[in-house]
Amino acid sequence: MALVPSQVLRVAILLSYCSILCNYKAIEMPSHHTYGGSWKFLTFIDLVIQAVFFGICVLTDLSSLLTRGSGNQEQERQLRKLISLRDWILAVLAFPVGVFVVVVFWIIYAYDREMIYPKLLDNFIPGWLNHGMHTTVLPFILIEMRTSHHGYPSRSSGLTTICTFSLGYILWVCWVHHVTGMWAYPFLEHIGPGARIIFFGSTTIFLNFLYLLGEALNSYIWDTQRSMEEEKEKPKLE
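Quick notes on the rules
Residues numbered from 1 in each chain as written. Predicted model: local features only at pLDDT ≥ 70, side-chain atom pairs only at ≥ 80, totals over all residues. Heavy atoms only, no water. UniProt positions renumbered as here; feature names shortened; annotations may be inferred. Phe/Tyr/Trp six-rings, centres within 6.5 Å; stacked < 30°, edge-to-face > 60°. Helix = DSSP H or I, 4+ residues; strand = E, 2+ residues; numbered from the N terminus. Buried < 20%, exposed > 50% of the residue type's maximum accessible area, 1.4 Å probe, protein only. Core = buried A, V, L, I, M, F, W, Y, C linked by side-chain atoms within 4.5 Å. Contact = heavy atoms within 4.5 Å. 1 Å grid on protein atoms, 1.4 Å probe; cavity = no way out; pocket = protein on both sides within 12 Å on 5 of 7 lines; lining within 4 Å. Points joined across faces, edges and corners; volume = space filled by probe spheres on them. Nonpolar A, V, L, I, M, F, W, Y, C, P; charged D, E, K, R; others polar.

The protein appears in an unreviewed UniProt entry as Androgen induced 1 from Pipistrellus kuhlii. For the record of the protein, the UniProt heading Subcellular location (unreviewed entry) holds the text "Endomembrane system". Annotation of the protein in UniProt includes, under Sequence similarities (unreviewed entry), the sentence "Belongs to the AIG1 family."

This is the structure we're talking about:
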């Protein structure tokens, strides 16, 4: 039996994301008042994705609790739709984008923090909030994958969706630069057009890899769990 029920964990994680978003939006930073505001940063978009995802998880848990034993076919049909939406968001957005933000942020930060998160930001964003945006996303999403099985869409559909998301964000970043003359991320100012194309292409490939990783991890966790349960059910030899 789990020490903390998964339903309680989801509520706690949702409240955590709500707190992070509220605290981040309350900070008076120049970038919040320029074209695109917080929406030009993938970190902020990811926080919204995670908050929406865990909100749907909590709503699914509540609906499941209310539907249990009711025998109402319409309610059960709506619950199945909600579960399908929850699983789809995890597969194509919450896991790949969440892991991407954590991994890419800390790799660039370790190489040269001024390229991704200038020291000046320490005057605005406290350390705990930085980790809330760029670190805890990973353990939270892994906890969710471990506590609940999620059905993945067809691979072609999933990869098409993640490519569409990646292309849409790249075009959005380029449009913000076109309007303002400034890139959302400092390191993009220091590389040439060819290097930017390579970087954008590489990020799209990496997001596709993370989608496949999430699919494999989900299968591994639950295939292993199923095998363990089957082993327990086998009659012991005398």
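## Focus on the packing of aromatic side chains
Evaluation of the coordinates by the stated rule reveals 18 aromatic pairs. Arranged with centres 5.0 Å apart and planes meeting at 75°, the rings of Phe187 and Phe199 form a pair that is edge-to-face. Here Phe187, found in the loop between helix H6 (155-180) and helix H7 (193-233), pairs with Phe199, found in helix H7; they are twelve residues apart in sequence, far enough to count as distant. The exposure class of Phe187 is buried, given its relative accessible area of 7%. Members of the aromatic cluster, joined through ring pairs, are Phe41, Tyr185, Phe187, Phe199 and Phe200.

## Considerations on the environment of Leu9
If you trace the backbone, Leu9 turns up in helix H1 (residues 6-26). When its relative accessible area of 26% is taken as the criterion, Leu9 is described as partly exposed. For the pair formed by Leu9 and Trp128, sequence separation is 119 residues and the distance between their alpha carbons is 20 Å.

## Things to note about the nonpolar core
Membership of the largest hydrophobic core comes to 62 residues, with the highest contact counts inside it found for Tyr17, Tyr24, Leu42, Phe53, Val97, Ile125 and Tyr185. A total of 16 residues in this core trace back to one element, the largest contributor, which is helix H3 (residues 73-112). For Val97, the residues in contact, after removing those within four places along its chain, are Leu42, Asp46, Ile49, Ile162, Phe165 and Leu207.

## A few points about the layout of surface pockets
For the largest pocket, the calculated volume is near 1,000 Å³. The wall of the largest pocket is formed by 44 residues, among which Phe41, Ile116, Ala184, Tyr185 and Pro186 lie closest to the centre. Put simply, the parts of the chain that give the lining of the largest pocket at least two residues each are helix H2 (42-67), H3, helix H4 (127-134), H6 and H7. The dominant element in the lining of the largest pocket, judged by the number of residues it contributes, is H6, at seven residues. Looking at the lining of the largest pocket, its residues break down into 35 nonpolar, seven polar and two charged. By volume, the second largest pocket is sized at about 220 Å³. As for the second largest pocket, its lining consists of 14 residues, of which Gln7, Asp61, Leu62, Ser64 and Leu65 are closest to the centre. Contributing elements (two or more residues each) for the lining of the second largest pocket: H1, H2 and H3. A total of six residues in the lining of the second largest pocket trace back to one element, the largest contributor, which is H2. In terms of residue class, the lining of the second largest pocket is made up of five nonpolar, five polar and four charged.

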